[in-house]
Amino acid sequence: MELADRDHDVQKSLRSIDVRARRRRLGAQTSSLIDEAAAEEADSKGKDSLLSEDNFRTAMSIFDAACITSESDSGNPQKRSALAFRFPVNVYHALLRSCAYHASTDAALRVYSHLEARVRQPLTHGSETSTPFYPSTTAIYYLLSTYVNANDLVGATEVFSEFKDLCARKEIANLEPSSNVRIWNKMIEAYFRAGQPAGALRLLETMMDAESIEKAKGEKVFVPSPASSTFTTVINGFCSQIPNDPINSGSAPIPSPQPDVATALSWFNRLLLQPNPSANPFESSSEPTRPDQKAWTVMLEMLSQAVSTDKSRIQDLNRLFGVLVDCAAKDNLEVKPTLRSMVLSTNVRFLEQATDSEDKDLVHASLAFLAHHISLDNGTRPSLLHIGETQALLASVYPQFVRFGMAEKAWELAKGLVAQELSVLEETLEKDEKPEAKISGQLLNKVVPLALEAIVSSSSETSALSEALQVMRYAVRTGVKPTSAMAPHLLRAFMVSPIEIQRDLAQQDYESLLSCALALPVNPSNNELPQGCAYQSLMALLKVFDNAGIDSHVQAVPRKLALAVMTALHESLDAHQLAEFFGTVGPVFQRFKRPPPPPSPATELSAPRVPVIVDAELSRYIDEWYPSNRSRTVHDGYARLQEAISAPSPRYPHPTTLGRLINGLGRARDISALQSVYDTAQQVIFSPYVSANPSSQSQAWFQIEDQMIVAYAHAGDMESAYAHRDRISAAGGVPSPDAYGSLIECVRDTTDDTSNAMALFTECQMRGTKPNVYLYNTIISKLAKARKADFALDLFEQMKTSTSLRPSSITYGAVIAACARVGDTQAAERLFEEMAGQPNFKPRIPPYNTMMQMYTHTKPDRGRVLHFYQLMLKAGIKPSAHTYKLLIDAYGTIEPIDIEAAEETFKKVESSAETSLQSTHWAALINAYGCVLKDLDKAISVFNSIASHPSARRNPLNPLPDAVTYESLINVFVIHKRMDHVRTYLAKLQASGVHMTAYIANLLIKGYSAAGDIEEARRVFESLADPPSGVAAPNNHVPHNPASASSVPPSEPSYREPSTWEAMFRAELGNGHRDRAVALLDRLRER
C-alpha cells in the first residue's frame, strides 16, 4: 500500500512538473520573478529523480508474490488461500490506480482478476449463507483508465460493457451518480484518444437521452445524464493531440488525431449560451450548464497554442478571456493568475511576430485588450506582488505599443501602474507620510528610454524637448535616476532645439541633462549613441549651456552634481584638453575645474608593507566563538584577531572568518570594532595570496560586503548598511537573502516600516536573490506587526507553492500572528493545526501565546484560551510572563468573570521561581477589578500594594510601579469619571521618576475632556513634543524584557503618537469646538 501511495505521489509530482513546463511554453508563469532557466533545470532534475523510483514494479512484484503464497484459514486449517486474497479492498484500488498511471493492462488484469475472485465469499467459514462482494466503481474506473491511457480502445470497450452489465445486474458497489459520470466521461475520452470523435458523441447522445429513455422504459437504466465535466471531456477531446505511440492490442498504430479547435470552440460557445452555471463538475443535469473551471482552462490553453499557427485565433482567445472575467463571479469561477499570465503573454508573442501591413486590425485589437487588462482598474485593490507582475508584463510589451504607434497610450499605462503602487503603499503609511513608489523603478528604467525614443523620433524639433522633459521629470519625481539608455534621447532633443528653447528651461531640467551626460562616457563612441545623435560629448553640452547664457542655472547646480561633472572631466581629459576646454567657456564653468592640491608636508618613506599570510589554524582559533560558545564571545574572537595581526610576524585569518566576526560585532553593536575588521579584510582580499585567484577574490569581496550589510543593519546604522548594498549592486552583484532579511528586520523607528520592508523584499526578488526561510520569516513578521494579514498570507502561500522551502515554526508563528491581529480565527486555527502537523515542527511559545491573545482580546473566548494553554503544557513548553498575563486577562475580562482564578494565576506567578512578577500582571489585575468589576477601591488598593511588594525592588533600574501600572490605574479613574484622583497619582508618578508616556497622556486628554475640562486636556496635549518627521515616537512602549531594561529619565521629552492626535481631535469635537478640531487637523497635515 505504501509503495502504491508513493507511486501516486510521484505521479502527481510528475504531472505538476509537466503542467509547469506547459505553462512556461505558453507564458503562464505565476511570477515573472521566477528564473525560467533555473526553474526548468530544477524541474528536469526533479523529474529524473522521480522517474528513477521504481515503486510500481516493486509493488507488483510483492503483489504477485502474495498471489502465489498461501496460508491456512484460521477457521479451517485444512483450507489454504492466497495471501493476496486477504488484502483490504483499498490495496487493490491503489494498485489499479498505479496500473492506470503506467498504462499497464497486463498488471491491471492480474489485480482485477484477484479482486473478482472475492465475489460471493462466505461471511463466516463453514457457513451456508454468503454475503455478496461486488467490484466497486473505483476499481472499474481505474481499470478503464488503464486501457484508455494505453490507447487500447478495444480493451476499454470491453471494460465499459462489463461495467454496464454489472450495473444492470446490480452487482457493483458504490454506484453513486458522480462515480457513474466519471466512468462514462472516461469512455468518451477513450473514443477521442483513439481518433473516433463520432463514437464519443454517440455516447454523449445516449447520456443526454438518459432521462427520456428511463421514463419510456419505466425502470432505471443506469445511464447518467451528462455533467459539466462531460462537456469538458468533449471539448478537451477535440483540443487534445495524442502522442503517436498507442498500444492497441497489437493492431497497427492509430494516427494521432490533430486538434480540432473550430469544433471545440463551437461546443464551448454553445455552452456559454446556457442560463445556469455548473454547481458541481460531476453533478448530472438534464440541461447543459455553462463551462466549468477546467473547461475554461482547456479552451484558453488550446487557443493560446493555436495563435502560433493561426493568428486570427487571438480574437477568440481575447474574447473568451473577457467573458471569463465578466462572468467569473456569478459562475463561481476563478480568474487564475496563470490563465491571465498565459493570455497576456500570448498577446505579447503575437505582437512580436505581427506586421502592421498584414495584421493591422488584429494588432490594434490586441493592444487595446492588453491596455485594458494592464490598467488594473477593476475596482479592487491589487497586491504589490500583482502590481509587480503587471509592470513586468507592460515592460515586455511596451516596444510593441511604440512600434505600432501607441507610445502615448503605453506611457499613460506606465504612469497608471506607478499610481496604483502609490495608492497601495498609502494604506500602510501614517496620514502625514508621503509614499514612495520604489518597486516601479524597475518598470520606469525599462520604459522611459522607449518613451523618450518614441518622442524624439516622431515629434518636431520644437516640441520634442518639451515632451521628453515631461517624461524625465516624472521619472525623476518618482525616484528614478537617468541611465545610459535614457540619456542619448533627452540629450539629442536638447541639442537640436532652438536656442530660445534651450535657455528657457527649469533648473531641474538642466540638472537632468547633466545627469544624463554623466550616465554616458564623457566622449561616447558611435556604438554608445543612436545613429545620427546630435549629442557628442559632455564638453559639447557644457558649451551649449555657455552659448545659451544660463550662467545662473550653472551656478545653482548642486555641489554633489558639480563634483561629479568635475570628476568626469578630469578623469577623461588630459591637462592640455582641460586647459583648452576651460579656455573656451565662461567663468561660471570654472566651478567644474579641479583646484590644484595643497602642498603636502615632507614625510618619511613608509616602511614596506608586510606580506599577508592567511593561516587556516588561526581561522579556526578565531572561529571558536561561532556560532555559539558558552566560554567564548565575538569579542574574544576579535581580541585573537588583533593579537595575531599585531605580532612581529603577523598572520591573518580567511575572509570567511573575518566575515563572521563582522556579522557578530554588528549584532553586538560594536561599530568601531567591525570597521576595524573590515579594514583588515580589505588587506586580506587585495593581498597577493587572495589576488592570485580572481574568482576566489571576487567571492571574498562580495561576502565581506554582504556581511557588512548584516552587521550595520543589526548595529542600527541603516545608512551604512544601504551603502554596502549599493557597493554590491554597483559591482554587478546582488546581496544575499540574509542581507535583505537583516535590512527588513532592522527597518524600525520609522512611520513607514511596512512599505520600506515590502519594497526591500520586492527589490530582492527583482534582483534575482532567492529568498530563504529567514528572509520570508522577517518580511512576514513585519507585515504581521502592521496588521497586513493579506500580504503576509500571500507571501506565505508563495513560499509554500513557488519555492522548495519548508516553513519553520517561526514562519507559522508570524503568519498566525498576522491572522490573529485582524481577528481571522479560522485562518489562525487552520494554520496552527497545519504547523503542528509539520514533520519539522518544534514547539515554541510565541504561536501558543498568539492564539491565547487572539481569544483573549480580539475574539474573546476563554474556553479557547485555556485550550491553547493546555496544548502549550502538553507540548512541554514553560509558560512565560506574557502567558500568565493573558490568563489573568482571560479570567478577569471575559464573561463570566472568574476573579478568583485570576487571583490564583497572579499568585502562581508571585510564587514562581522561573517567572518574575511584572508590571503587566499588576496592570491586568487592576484592570479586572477597576474597569470590569467596577470596584474602584479594590483597584486603588492593588495599585497601592505594589510599592511594598518584593517584586517592586527586583530591578533597581526600573522599579515598580512603572508607566504601565500608572496607565492602568489612570484608565480606571477615566472609566469611573473620577479625575479628582488623577492629580494625586500624577504627583506620585513625577515624584517616583516615572517617565510620562503618550498613552497616559491619551487617557488624561480623554478623561479631562469627558469631565468638561478641555483646557486641561489641551495643556496635556501641548506638553508633549512631536518626534522628528518620519521617525516613530520613542520611549512610549514597554521593553520586551523589563528586567534588563533601564527606566527612561523623567526629564526626557514625551512624544506624541498618532493616537494622541486622534484623542485631542475627538476631545475638541466632543466639546463642540469644530474649528479647533479642523485647525488641529491642518497642523497635523503640515507635519
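The following paragraphs examine the structure supplied in this document. (Residues numbered from 1 in each chain as written. Predicted model: local features only at pLDDT ≥ 70, side-chain atom pairs only at ≥ 80, totals over all residues. Heavy atoms only, no water.)

This part takes up the overall build of the protein chain. Of regular secondary structure, the protein chain possesses 52 helices and 2 strands. Across the 1087 residues in the protein chain, those meeting the buried criterion constitute 48%. Accessible surface, the protein chain: about 52500 Å² in total, of which carbon and sulfur atoms supply 50%. (Helix = DSSP H or I, 4+ residues; strand = E, 2+ residues; numbered from the N terminus. Buried < 20%, exposed > 50% of the residue type's maximum accessible area, 1.4 Å probe, protein only. Areas by Shrake-Rupley, 256 points an atom, 1.4 Å probe, with all protein chains shown as cover.)

So, about the packing of aromatic side chains. Scanning all chains against the criterion turns up 26 aromatic pairs. Between F321 and F369 the ring centres are 6.1 Å apart and the planes differ by 75°, which places this aromatic pair in the edge-to-face class. Residue F321 is found in helix 14 (residues 313–327), and its partner F369 is found in helix 16 (residues 356–374); the two are separated by 48 residues along the sequence. Note on accessibility: F321 and F369 belong to one class, buried. Their ring planes at 85° and their centres at 5.2 Å tell us that F832 and Y848 sit as a pair that is edge-to-face. A residue pair is termed long-range when its members are at least 10 positions apart, and F832 in helix 40 (residues 825–836) and Y848 in helix 41 (residues 845–858) qualify at 16 residues. (Phe/Tyr/Trp six-rings, centres within 6.5 Å; stacked < 30°, edge-to-face > 60°.)

For side chains bearing opposite charge, pairing can occur when the charged atoms are close. Overall, the coordinates contain 35 salt bridges when judged by the stated rule. Here D316 ties to R313 by a salt bridge, and the two come within 2.8 Å at their closest N and O atoms. Here R313 and D316 lie together in helix 14, a separation of 3 residues that amounts to about one turn. When its relative accessible area of 16% is taken as the criterion, D316 is described as buried. Where E834 meets K800, a salt bridge forms, and the shortest distance between an N and an O atom there is 2.8 Å. Within this pair, whereas E834 is found in helix 40, its partner K800 is found in helix 38 (residues 789–802), the two being separated by 34 residues in sequence. We classify K800 as partly exposed; its relative accessible area is 28%. Among the ionic contacts, a cluster of salt bridges with common partners joins E797, K800, R830 and E834. (Salt bridge = Lys/Arg side-chain N within 4 Å of Asp/Glu carboxyl O.)

Attention now goes to the packing of helix 23 (residues 507–519) against helix 26 (residues 559–572). The geometry of helix 23 relative to helix 26 is characterised by a closest axis approach of 11 Å and an angle of 35° between their N-to-C directions. The way helix 23 lies across helix 26 gives a crossing that is left-handed. Residues E511, L514, S515 and L518 of helix 23 form the contact with helix 26, whose own contacting residues are L561, A564, V565 and A568. Per-class residue counts for the contact of helix 23 with helix 26 are 6 nonpolar, 1 polar and 1 charged. (Axes fitted to C-alpha atoms, helices over the stretch in contact; angles between N-to-C directions. Left-handed = near helix turned anticlockwise from the far one by under 90°. Contact = heavy atoms within 4.5 Å. Nonpolar A, V, L, I, M, F, W, Y, C, P; charged D, E, K, R; others polar.)

Glancing now at helix 34 (residues 718–730). In this model helix 34 runs 18 Å from its N-terminal to its C-terminal C-alpha over 13 residues, within 8% of the 18 Å that 1.5 Å per residue would give. With its phi angle positive at about 85°, G732 sits one or two positions after the end of helix 34. (Expected span 1.5 Å × (residues − 1).)

Along the polypeptide, K770 turns up in the loop between helix 36 (753–766) and helix 37 (773–785). Looking at K770, the relative accessible area reads 60%, which means it is exposed. Expressed as a C-alpha distance, the spacing of K770 and P737, which sit 33 residues apart in the sequence, is 6.6 Å.

Below, the discussion takes up the nonpolar core. Counting residues in hydrophobic clusters, the biggest one holds 161 residues, and the most contacted among them are L538, F545 and L569. Those residues in contact with F545 that sit more than four places away from it in its chain are F494, Y510, L513, L514, I550, V554 and F589. In this structure, V614, I816, A939 and L1080 belong to the second largest nonpolar core, which totals 143 residues. (Core = buried A, V, L, I, M, F, W, Y, C linked by side-chain atoms within 4.5 Å.)

Quick look at unusual backbone geometry now. The peptide bond linking Y626 to P627 adopts the cis configuration, its omega dihedral lying at -5°. Among the secondary structure elements, P627 is positioned in the loop between helix 28 (616–622) and helix 29 (634–645). With omega at -10°, the peptide bond leading from E895 into P896 counts as cis. Positive phi is not limited to glycine here, since K170 has a value of about 55°. Turning to its location among the elements, K170 is positioned in the loop between helix 7 (153–168) and helix 8 (177–193).

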